[in-house]
Amino acid sequence: MTAALTTVRGWGPHGVVLCASCRRTGLCRLGVTSEIVDGDAVAYELHCPREHEGGPNVAHGGWTAGVLDELAGHVVVLRGQLAVTGQLSVRFVRPVPVERPLLGRASLVRREGHRWFIEAQIVLASSGAQLAAAEAVLVARDADHFARHERWLAEQEGSA
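For the structure given in this document, a descriptive report is provided here. Since the structure is predicted, the reported quantities are computational estimates derived from the model, not experimental observations.

## Re the nonpolar core
Y44, W63, I118, I122 and L138 are the most contacted members of the largest nonpolar core, which has 30 residues in total. Elements with a minimum of two residues in this core: β2 (41-46), α3 (61-77), β6 (102-112), β7 (115-124) and β8 (130-140). It is α3 that provides the largest number of residues to this core, a total of seven residues. Beyond its immediate chain neighbours, meaning those up to four positions away, I118 contacts A72, V75, V76, A106, S107, L108, V109, A134, E135, A136 and L138.

See below:
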């Protein structure tokens, strides 16, 4: 882990950046167990926990989309930039098995102003067979983004 990466808040004990919810448990509840920055890409080891099973022994589609969103987001976050998902397009290629070793990869395709265009995929670790892929557009935000959202939400609830 480079010095620049250690400044990112939310690192878990296994070197994975954790969201606010997962920081409370100390591990990624989506099943991301490691991440390694490789140029403009990030490689991941992961698995779908049984709690996200949709059909018999396969991941729920919401888990698959959520993980692809998480992987894409880490490309931006690991560069020290706060960003939110503006668009996510998911291709479900094959059912994702639960409790099996999987690999993920997400890479920066290009940047246009505040928009980061990212591609992500999940493959079966044993064979490399593609299971799902996504194209995401993440939008860079400043540190006050969530505070502005809270103020907006309070205004919405006050006018109801």
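Having put the structure on the table, let's press on.
## A short note on the sheet that holds strand β5 (residues 83-92)
With respect to topology, six strands assemble into an open sheet ordered β1-β2-β6-β7-β8-β5, the strand pairing being antiparallel. This sheet does not close on itself; its edge strands, each paired only once, are β1 (32-38) and β5. Averaged over all neighbouring strand pairs, the angle between strand axes comes to 20°, with direction disregarded. Pairing between β6 and β7: ten bridges, direction antiparallel. In the strand pairing of β7, L108 is matched with I118. α3 rests against β1, β2, β5, β6, β7 and β8 of the sheet, and its axis sits at about 130° to β7.

Each value, and the rule that gives it
Numbers given for residues are sequential positions, taken from 1 along each chain in its written order. Totals for whole chains, interfaces and linings use all residues, but because this is a predicted model, local features are given only for residues with pLDDT of at least 70 and pairs of side-chain atoms are given and counted only at 80 or more. Only hydrogens and water are removed before side-chain values are computed, so all heavy atoms of the structure are retained for them. Put simply, a nonpolar core is a bunch of buried Ala, Val, Leu, Ile, Met, Phe, Trp, Tyr and Cys residues held in one set by side-chain atoms that sit within 4.5 Å of each other. Burial classes: relative accessible area under 20% of the type maximum marks a residue as buried, over 50% as exposed, and values in between as partly exposed (1.4 Å probe, protein chains only). Only DSSP runs of H or I with at least four residues qualify as helices, and only runs of E with at least two residues qualify as strands; both kinds are numbered from the N terminus onward. In what follows, a contact means two residues having at least one pair of non-hydrogen atoms within 4.5 Å. Strands are labelled as partners when DSSP assigns at least two bridges between them. Note on geometry: axes are lines fitted to C-alpha atoms, helical ones only across the stretch in contact, with angles between N-to-C directions running from 0 to 180 degrees.

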